[in-house]
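Examining the three-dimensional arrangement
Letter by letter, the chains look like this.
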Amino acid sequence: MTTPELPPPVKLSRLIMSVWVSQALHAAAVLKIPDALGTATRASADVARDVGAPHDTVHRLLRALVVLEAATETDAGFALTPMGAYLRADAPDSMRNWAVLWGRPSIWSAWGRLADSVRTGETAPQLIAGMGTFEWVAQDPEGADIFNRSMQELTVRVSRAIAQAYDFSALRTVVDVGGGHGALLPAILRANPRLTGLVYDLPQCAAGAAAFLREQGVADRCRFEAGDFFERVPAAADAYLVKSVVHDWDDAKSRALLARCREAMRADSVLLLIEILAPERLTGAAFESMIVGSDLNMMLMTGGKERTEAQYRALLESAGLAVARVVPTPGAMSIVEARRN
Ligand SMILES: C[S@@+](CC[C@H](N)C(=O)[O-])C[C@H]1O[C@@H](n2cnc3c(N)ncnc32)[C@H](O)[C@@H]1O
């Protein structure tokens, strides 16, 4: 039986009210409701008791998770779906921090300024606090930690796809530029035992990166260096990975950081720009909502943008780099391999 289409005003109202979606996922993650469900089917009263909240409110939130296909409900109680299981803190490839991040008051106050951002071209951190994004993020240490952990969660997943898609075997040294806590390198280092790595990012990532690299068992082959990629990038590595960094910046800033990478590169070094490539024209494919959502997020939060392959090629060329090839990965991201020209 097919579900009848909703009438246009109802469809529109559903979209207008969709704030509840990220907040329901946020609330569930913050209260650790997915952790209380675990791999079992449980009565809502038991879940409520475990998370220390009233039965009525927890039951209603669980019903919201059912509508979002994160949980199912049967006579025996509620259970997580395979998608909902990613909200558990202890799930492999957990996305719990990502859900916590998107419901935080700072993120919500920023999205409340989208119309102003579209009107003025300014970012929410500029409009709200008159500062750059990463300074604004650093002002809230708890939020910064959740942001870095979220990036770590997302990047660990794509790192395996990148290690699979690109042949690093001839390389010996790699710098992850703007590498955050270093989530990209462990899978690549494990797949390439003769490779050593350096994670390069702002000082606030130092402690998290050191802990993460130790936990991943690669601290003997990978260290963290603090620095500003608009000033300098560590020199003379075989490869420079720049993942989910260029999309944070406008063309002028992106050109500047790519130029710093070019200065650091030897004639035979390679730069791997790792980003989602936006389609020239939208076709209605399911994944496009992620791309346009991320593009608005970049406009609002950082002043950056999601770009097409042609736009990345032009940007790299303007920084003195030529695209050698574009390697798709099994996930959503592509590897744009560039060399000095
Ligand atoms: C969107 S995150 C991407 C992190 C990582 N590459 C990943 O994909 O998980 C952007 C990173 O750029 C770093 N960053 C921002 N400004 C920087 C600067 N001026 N110098 C060095 N790193 C910077 C941030 O701290 C953050 O870790």
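Computed from a predicted model, the values in this text were never measured in an experiment.

Right, let's talk about helix α14 (residues 251-264) for a bit. Along its 14 residues, α14 runs 20 Å from first to last C-alpha, staying within 8% of the 20 Å computed at 1.5 Å per residue. The complete set of buried residues in α14 reads S254, L257, L258, A259, R260, C261 and A264. Close packing links the buried residues of α14 with β3 (173-177), β6 (239-243), β7 (270-275), α16 (309-318) and β8 (321-328). The N-capping residue of α14, defined by a side-chain oxygen 3.2 Å from the backbone nitrogen of A252, is D250.

We now examine the sheet that holds strand β4 (residues 196-201). Taken in spatial order, the 7 strands of this open sheet run β5-β4-β3-β6-β7-β9-β8, and their pairing is mixed. A strand with exactly one partner marks an edge of an open sheet, and here the two such strands are β5 (222-226) and β8. Neighbour to neighbour, the strand axes of the sheet diverge by 25° on average, direction disregarded. Sheet analysis places β3 next to β4, joined by 5 bridges and oriented parallel. Bridging across to β4, V175 finds its partner in L198.

As enumerated under the stated definition, the model contains 20 salt bridges in all. With its nearest N and O atoms 2.8 Å apart, the salt bridge here joins D145 to R149. Placement of the pair is D145 and R149 together in helix α11 (residues 141-165), with a separation of 4 residues, close to one helical turn. Taking relative accessible area as the criterion, D145 reaches 32% and is therefore assigned partly exposed. Owing to a relative accessible area of 38%, R149 belongs among the partly exposed residues under this scheme. R313 serves as the salt-bridge partner of E309, at 3.1 Å between the closest nitrogen and oxygen. Pair noted here: E309 and R313 are both in helix α16, with a separation of 4 residues, about one helical turn. Ionic contacts of the salt-bridge type, sharing partners, join the residues R104, D140 and E142 into one network.

In the vicinity of the ligand there are 17 residues, among which T155, G178, D201, D228 and K243 approach most closely. A distance of 2.8 Å separates a nitrogen atom of the ligand from a polar backbone atom of G178. In isolation the ligand exposes 590 Å². Once the protein is present, 95% of that is buried.

Moving on to the pairing of strand β9 (residues 334-340). Buried residues dominate β9, accounting for 5 of its 7 residues. Relative to β9, β7 runs antiparallel, the two being bridged by 5 bridges. The partner of I274 across the bridge, within β9, is I335. Joining the antiparallel neighbours β8 and β9 is a turn of 5 residues.

What follows covers the packing of α14 against α16. As a packed pair, α14 and α16 sit with axes 9 Å apart at the nearest point and diverge in direction by 55°. With respect to each other, α14 and α16 are oriented oblique. Relative to α16, the crossing made by α14 is right-handed. Contact residues: D251, S254, R255 and L258 in α14; L315, L316 and S318 in α16. In terms of residue class, the contact of α14 with α16 is made up of 3 nonpolar, 2 polar and 2 charged.

Take a nonpolar patch on the surface next. Where nonpolar side chains cluster on the molecular surface, the patch consists of L12, L15, I16, M17, V19, W20 and V67 and spans about 740 Å² of accessible area. Contributing elements (two or more residues each) for the nonpolar patch: α1 (8-16) and α2 (19-31). Residue contributions to the nonpolar patch peak at 3 residues, all from α1. In this structure, L12 sits in helix α1.

Right, let's get into the domain arrangement of the protein. Assigned domains of the protein: these are domain 1 (8-96), domain 2 (104-139) and domain 3 (147-340). Computed over C-alpha atoms only, the centres of domain 2 and domain 3 are separated by 24 Å. Taken residue by residue, the interface counts 15 residues in domain 2 and 13 residues in domain 3. Of the roughly 1100 Å² buried between domain 2 and domain 3, counting both surfaces, carbon and sulfur atoms make up 78%. At the boundary of domain 2 with domain 3, the tally comes to 2 residue pairs in polar contact (both at pLDDT 80 or more). Looking at the side of domain 2 that touches domain 3, the elements that each hand over two or more residues are α7 (105-111), α8 (114-120), α9 (124-129) and α10 (133-138). Looking at the side of domain 2 that touches domain 3 element by element, the count peaks at 4 residues for α10. Class assignment for the residues of the side of domain 2 that touches domain 3 results in 10 nonpolar, 3 polar and 2 charged.

Cut-offs applied
- Residues numbered from 1 in each chain as written.
- Predicted model: local features only at pLDDT ≥ 70, side-chain atom pairs only at ≥ 80, totals over all residues.
- Heavy atoms only, no water.
- Helix = DSSP H or I, 4+ residues; strand = E, 2+ residues; numbered from the N terminus.
- Expected span 1.5 Å × (residues − 1).
- Buried < 20%, exposed > 50% of the residue type's maximum accessible area, 1.4 Å probe, protein only.
- Contact = heavy atoms within 4.5 Å.
- Polar contact = N/O pair within 3.5 Å; in protein donor to acceptor, adjacent residues only side chain to side chain.
- Pairing = 2+ DSSP bridges.
- Axes fitted to C-alpha atoms, helices over the stretch in contact; angles between N-to-C directions.
- Salt bridge = Lys/Arg side-chain N within 4 Å of Asp/Glu carboxyl O.
- Near = heavy atom within 4 Å.
- Areas by Shrake-Rupley, 256 points an atom, 1.4 Å probe, with all protein chains shown as cover.
- Parallel < 35°, antiparallel > 145°, perpendicular 65-115°, else oblique.
- Left-handed = near helix turned anticlockwise from the far one by under 90°.
- Nonpolar A, V, L, I, M, F, W, Y, C, P; charged D, E, K, R; others polar.
- Patch = residues over 30% accessible without salt bridge, like charges linked within 9 Å, V, L, I, M, F, W, Y side chains within 5 Å.
- Domains from an automatic or database assignment.
- Buried area = accessible area lost by both parts, 1.4 Å probe.

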